[in-house]
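Summary of the model geometry
Next come the chains, spelled out residue by residue.
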Amino acid sequence: MNIETDWVERFPGLSRLEPPIKKLLSSRSVIVNVPNGTTLFGPGNSPENMLFLLDGTVRVQQVSETGHEIVLYRIHAGQSCVLTTACLLAFEDYAADGIAETTVQAAAVPRDVFDDLVAQSKSFRDFVFAAFSKRITDLFRMIDEVAFQRLDVRLADKLVSLADDKNVVKTTHQKLSVELGTAREVVSRQLQEFQRRGWIEQSRGSVSLLDMTQLKTLAKHNT
């Protein structure tokens with residue numbers, strides 16, 4: 001498969017578009033490669049392209065006026081960035097940061113092409129708003145968790161979701177606090193409690209999950 005011309009087929013919603021529209025997306029897009037750790041967008045910047053992620057992961061996070069950070073969502077391969085969508089539709093600047101967590105490859109579609117397709121193609125509009133609606137639902141769920149769910153439940157759920165195939169989470173207390181939208185000290189206390197129970201073992205830059213059953217049982221309270 002030629003990435004330059006066939007990337008559209010990687011997105012189920014786009015692959016069902018009419019051939020002329022798929023051809024337009026392919027011909028007017030640019031494939032960009034971004035190193036790990038790069039800030040793709042940030043507050044005060046205006047989006048010039050709609051990004052469709054082909055490979056890698058982008059973390060979208062927001063920083064409050066008091067300096068507290070929270071991860072809003074992640075963009076994975078085969079997804080588009082709904083914050084970029086919202087900013088393009090409303091002609092607004094970004095209000096959050098988008099940071100590459102891995103090496104990232106994406107197709108960048110210029111604003112004028114995005115605007116024309118939203119105005120003229122019902123199938124493209126359906127794709128854009130279906131992705132937008134799903135992410136908005138996810139964000140409301142996150143708001144509910146931050147506002148109303150117990151931290152121990154949310155932390156257990158986050159550890160389980162971030163664990164690799166060896167049940168190890170490569171992270172720090174600070175990064176976990178950003179994931180959960182709380183203070184580092186609060187996360188540290190709860191991790192210490194999990195360790196006291198024998199559920200985890202902490203080391204520099206990682207957390208080993210020793211009792212996945214107990215963590216998953218606690219995390220189920222989040223569903």
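A quick note: this is a predicted structure, and the numbers were derived from the prediction, not measured. (Residues numbered from 1 in each chain as written. Predicted model: local features only at pLDDT ≥ 70, side-chain atom pairs only at ≥ 80, totals over all residues. Heavy atoms only, no water.)

Some remarks on the overall build of the chain
- Secondary structure summary: the chain contains 10 helices and 10 strands in total.
- The principal-axis extent of the C-alpha atoms belonging to the chain is close to 60 × 40 × 30 Å.
- By element, 51% of the accessible surface of the chain is carried by carbon and sulfur atoms, the whole surface being about 11,900 Å².
- Counting 26 positive and 28 negative side-chain charges, the chain places the centres of these two groups 5 Å from one another. (Helix = DSSP H or I, 4+ residues; strand = E, 2+ residues; numbered from the N terminus. Areas by Shrake-Rupley, 256 points an atom, 1.4 Å probe, with all protein chains shown as cover. Lys, Arg positive; Asp, Glu negative; His and termini not counted. Charge placed at Lys NZ, Arg CZ, Asp CG, Glu CD.)

Considering the layout of surface pockets
- Reported here for the largest pocket is a volume of approximately 560 Å³.
- In terms of lining, the largest pocket is formed by 22 residues, of which the most central are Leu72, Tyr73, Met142, Glu145 and Lys158.
- Secondary structure elements with two or more residues in the lining of the largest pocket: strand S5 (69-76), helix H6 (122-148), helix H7 (151-162) and helix H8 (173-180).
- Of the residues forming the lining of the largest pocket, the biggest block, 7 residues, is contributed by H6.
- Its residues assigned to classes, the lining of the largest pocket comprises 9 nonpolar, 4 polar and 9 charged.
- Each of two domains, domain 1 (7-120) and domain 2 (148-220), supplies a minimum of three residues to the lining of the largest pocket.
- Its boundaries defined by the atoms lining it, the second largest pocket holds a volume of some 350 Å³.
- If you go around the second largest pocket, you meet 14 residues; those closest to its centre are Arg74, Glu101, Lys170, Lys175 and Glu179.
- Of all the secondary structure elements, the ones that give two or more residues to the lining of the second largest pocket are strand S4 (57-63), S5 and H8. (1 Å grid on protein atoms, 1.4 Å probe; cavity = no way out; pocket = protein on both sides within 12 Å on 5 of 7 lines; lining within 4 Å. Points joined across faces, edges and corners; volume = space filled by probe spheres on them. Nonpolar A, V, L, I, M, F, W, Y, C, P; charged D, E, K, R; others polar. Domains from an automatic or database assignment.)

Some points on the domain arrangement of the chain
- If you check the domain split of the chain, you get domain 1 (7-120) and domain 2 (148-220).
- Every contact between the two is made by 5 residues of domain 1 and, on the other side, 5 residues of domain 2.
- Buried area between domain 1 and domain 2, summed over both chains or domains, comes out near 470 Å², and the portion from carbon and sulfur atoms is 51%.
- Ranking the residues of domain 1 by area buried against domain 2 places Glu69, Val71 and Arg74 at the top, with a combined share of 70%.
- Summed over the shared surface of domain 1 and domain 2, the result is 1 salt bridge.
- A salt bridge links glutamate 179 to arginine 74; its shortest N-O distance comes to 2.2 Å.
- At the surface where domain 1 touches domain 2, the tally comes to 2 residue pairs in polar contact (both at pLDDT 80 or more). (Contact = heavy atoms within 4.5 Å. Buried area = accessible area lost by both parts, 1.4 Å probe. Salt bridge = Lys/Arg side-chain N within 4 Å of Asp/Glu carboxyl O. Polar contact = N/O pair within 3.5 Å; in protein donor to acceptor, adjacent residues only side chain to side chain.)

What to know about empty space enclosed by the protein
- Within this structure, the stated rule accounts for 1 cavity of 30 Å³ or more.
- Quantified by volume, the largest cavity comes out at close to 80 Å³.
- Contributing elements (two or more residues each) for the lining of the largest cavity: strand S2 (39-41), strand S3 (49-55) and strand S7 (104-110).
- Counted by class, the lining of the largest cavity contains 10 nonpolar, 3 polar and no charged residues.

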